[in-house]
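Single-letter residue listing:
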Amino acid sequence: MANRFGRFAALGMTAAIAVGMLTGCGEQQAAPAQENAVPQTENAAETGKEENETGNQAATASEQTLEVEVIYTGEPLEQFRGIMDDFTAQTGIGIELVTPGSDYEAVMKTRMASGEMPDVFVTHGWSIARYKEYLTPLNTEAWYGKIDESILSIISDDDEAIYVLPITQEVNGIVYNKTALENAGVKAEDIRTMEDFGEACEMVKNSGVAPIHIGGKDTWTAAVLYNAIAPAFYTAEGCRYPSGDALKDGSFDWDTNGGYALAEIAEMVEKGYFNADLITADNAATLTAIGEGTAAFNTDVKIANVVNIAPEAQLGIMPIPSTSEDGKSEYMIGEGSCFGIWKDTEKMDAAKQLLSFLAEPETANRVMEADGGLPALEGMGTENVTYKAFVESQSAFEGDIYYDNLFDREYFPTGMFNAMADAVIEVFMDPGDGGVDAGVQQLKTNYLDKYGISE
């Protein structure tokens, strides 16, 4: 797997950081639940352009309107709304913009079952594993040659076909407030193992700052935490309990090995390394805490989003520490904002026009600004704070970084995200053996069910 991302590692390539301390973005990037379905229809096409010289009637607004389903909420949604307004003004094609927010996954599963998909939709990390059979192959599009090699292998199937336009990539790692670490006497580049990380958390705690902030009220943040901790134990280079193949073929022994990652989280809870209100705080509180430096490390925010509310914050990102002295720290790379076209849409030409518009460097940069990630296409900007922080970390950890896909996307059957969240919440509520055992059972039951295996 590491070879798959070799070019990324060597050149510090473009990758989107949906970062967090340990973060992982399987479906969790479908994250903050601020709004449920918010439809918007732009009917600029009502200007009624003639279709051709034969005298056909002007196209109706409905014929010229694309349904576009996205995962954005809050300010990112408003920014993307503006992008769609510009597309309508330029092309006369209307946009019905729909966002189910945190219900995105459930809504899309319902739509897949019904056979009625949006004309264009965000695949939130699952373009191949989940949505391939509903999508249109896009290898012949003009923008195909601009796709960064570091993301190309992730969005390609075994026949090297792609089904999405990737605009950003995610790189999951640990986001930190530089000022908080400096005040505690901690250097991020010295944190190479989980033991080092625990010592750093102790020093931060003694300085009067919360070592790690979690907005557990938004339960997806708990899943992000597990998605980040687990690779250090099971799949990273030099990990303590290598289990990648077993996790992928359904033979993983949950009773023997399933508790290690959850036990690590439980120990952090017992030692007071999380904010005291980790269950009742939301993700907005995490943004504020990291921005203000009242917390040092984080599992799920994006650097760009923190800077939006705390412009003066000094932030960095680092890879997830190893569980062994001989192991490597890890960054996980995955799909960010990727847009696919429903294979059965009756508006294929208009949908491809939209993707071509989104692939233009100026437009792609606006999407990147909205989602807080890093570029996946050549010609996009690399001056944003997120990119600079990532390149800085690659230099600081040179020779000690292992690159892999996001944990749940690579090693779990699809549909495990909520189980990861439930398992970690069990540990948050009871960091003793009972909570860990309950969390393992949540994971085990869902994992075996997805594989159709009886206990």
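Residues numbered from 1 in each chain as written. Predicted model: local features only at pLDDT ≥ 70, side-chain atom pairs only at ≥ 80, totals over all residues. Heavy atoms only, no water.

A. View of the nonpolar core. Formed by 139 residues in total, the largest nonpolar core has its most connected members in Phe-80, Tyr-226, Phe-297, Phe-339, Leu-358 and Phe-428. Top element by residues in this core is helix α7 (residues 220-234). It accounts for 12 residues. (Core = buried A, V, L, I, M, F, W, Y, C linked by side-chain atoms within 4.5 Å. Buried < 20%, exposed > 50% of the residue type's maximum accessible area, 1.4 Å probe, protein only. Helix = DSSP H or I, 4+ residues; strand = E, 2+ residues; numbered from the N terminus.)

B. Representation of the environment of Asn-183 in the model. Inspection of the secondary structure puts Asn-183 in helix α5 (residues 178-184). The exposure class of Asn-183 is exposed, given its relative accessible area of 62%. In this structure, the C-alpha to C-alpha distance between Asn-183 and Val-209, residues 26 residues apart in sequence, is 9.5 Å.

C. Region of interest: unusual backbone geometry. Of note in the backbone geometry, His-124 takes a positive phi value of approximately 35° without being a glycine. Mapped onto the secondary structure, His-124 falls in the loop between β4 (120-122) and α4 (149-155). Unusually for a residue other than glycine, Glu-160 sits at a positive phi of about 65°. For Glu-160, a relative accessible area of 58% gives the class exposed.

D. Broad picture of the packing of α7 against helix α17 (residues 417-429). The contact between α7 and α17 brings their axes to 7 Å, and the two run at 95°. Comparing their axes, α17 and α7 come out roughly perpendicular. Facing Trp-220, Ala-222, Ala-223, Leu-225, Tyr-226 and Asn-227 of α7, the residues of α17 in contact are Phe-417, Met-420, Ala-421, Val-424, Ile-425 and Phe-428. (Axes fitted to C-alpha atoms, helices over the stretch in contact; angles between N-to-C directions. Parallel < 35°, antiparallel > 145°, perpendicular 65-115°, else oblique. Contact = heavy atoms within 4.5 Å.)

E. Examining the sheet that holds strand β11 (residues 329-335) more closely. The sheet built from 4 strands is open, its strands ordered β13-β6-β11-β14 with mixed pairing. Here the strands that pair on one side only, and so sit at the sheet edges, are β13 (374-375) and β14 (401-405). Of the strands in this sheet, β6 (168-172), β11, β13 and β14 touch helix α15 (residues 385-396), which is tilted by about 130° from β14. (Pairing = 2+ DSSP bridges.)

F. Up close: the confidence of the model for the chain. Summing up the model confidence of the chain, the mean pLDDT is 87 and the portion of residues at 70 or higher is 86%. Counting contacts from residues 1-62, a segment whose pLDDT is below 50, to residues more than four positions away or on other chains yields 221 contacts. (pLDDT = per-residue confidence, 0-100.)

G. The packing of α7 against helix α10 (residues 260-270), seen in detail. Relative orientation of the contacting elements α7 and α10 amounts to 120°, with a least axis distance of 8 Å. What the angle tells us is that α7 and α10 run oblique. Between α7 and α10 lies a crossing whose hand is right-handed. Contacts between α7 and α10 involve Leu-225, Tyr-226, Ile-229, Ala-230, Phe-233 and Tyr-234 from the first element and Tyr-260, Ala-261, Leu-262, Glu-264, Ile-265 and Met-268 from the second. Per-class residue counts for the contact of α7 with α10 are 11 nonpolar, no polar and 1 charged. (Left-handed = near helix turned anticlockwise from the far one by under 90°. Nonpolar A, V, L, I, M, F, W, Y, C, P; charged D, E, K, R; others polar.)

H. Main features of helix α14 (residues 361-371). Looking only at α14, the buried set comprises Thr-363, Ala-364, Val-367, Met-368, Ala-370 and Asp-371. The arc that holds the buried residues of α14, viewed along the axis, is 160°, so those residues lie on one side. Looking at α14, the residues exposed on the side facing more than 90 degrees away from the buried face are Glu-362 and Glu-369. Along its buried surface, α14 packs onto α2 (74-91), β6, α13 (348-359) and β13. (Arc of directions from axis to C-beta.)

I. Region of interest: the pattern of salt bridges. By the definition in use, this model includes 17 salt bridges. The salt bridge involving Asp-86 is made with Arg-366; its shortest N-O contact spans 2.7 Å. Of this pair, Asp-86 sits in helix α2 while Arg-366 sits in helix α14, and the two are 280 residues apart along the sequence. For Asp-86, a relative accessible area of 36% translates into the label partly exposed. Of the charged contacts, one joins Lys-178 and Glu-392 as a salt bridge, the two residues approaching to 3.1 Å between their closest N and O atoms. Of the two residues, Lys-178 sits in helix α5 while Glu-392 sits in helix α15, which places them 214 residues apart along the sequence. One network of salt bridges, in which partners are shared, links Glu-67, Glu-69 and Arg-111. (Salt bridge = Lys/Arg side-chain N within 4 Å of Asp/Glu carboxyl O.)

J. Broad picture of the sheet that holds strand β7 (residues 174-177). The sheet built from 4 strands is open, its strands ordered β8-β9-β7-β10 with mixed pairing. Across the chains shown, the open sheet's two edge strands, defined by having one partner strand only, are β8 (210-213) and β10 (315-318). Pairs of neighbouring strands in the sheet enclose a mean axial angle of 25°, with direction left out of account. Across the sheet, helix α11 (residues 283-292) touches β7, β8, β9 (295-298) and β10, and the angle it forms with β9 is around 125°.

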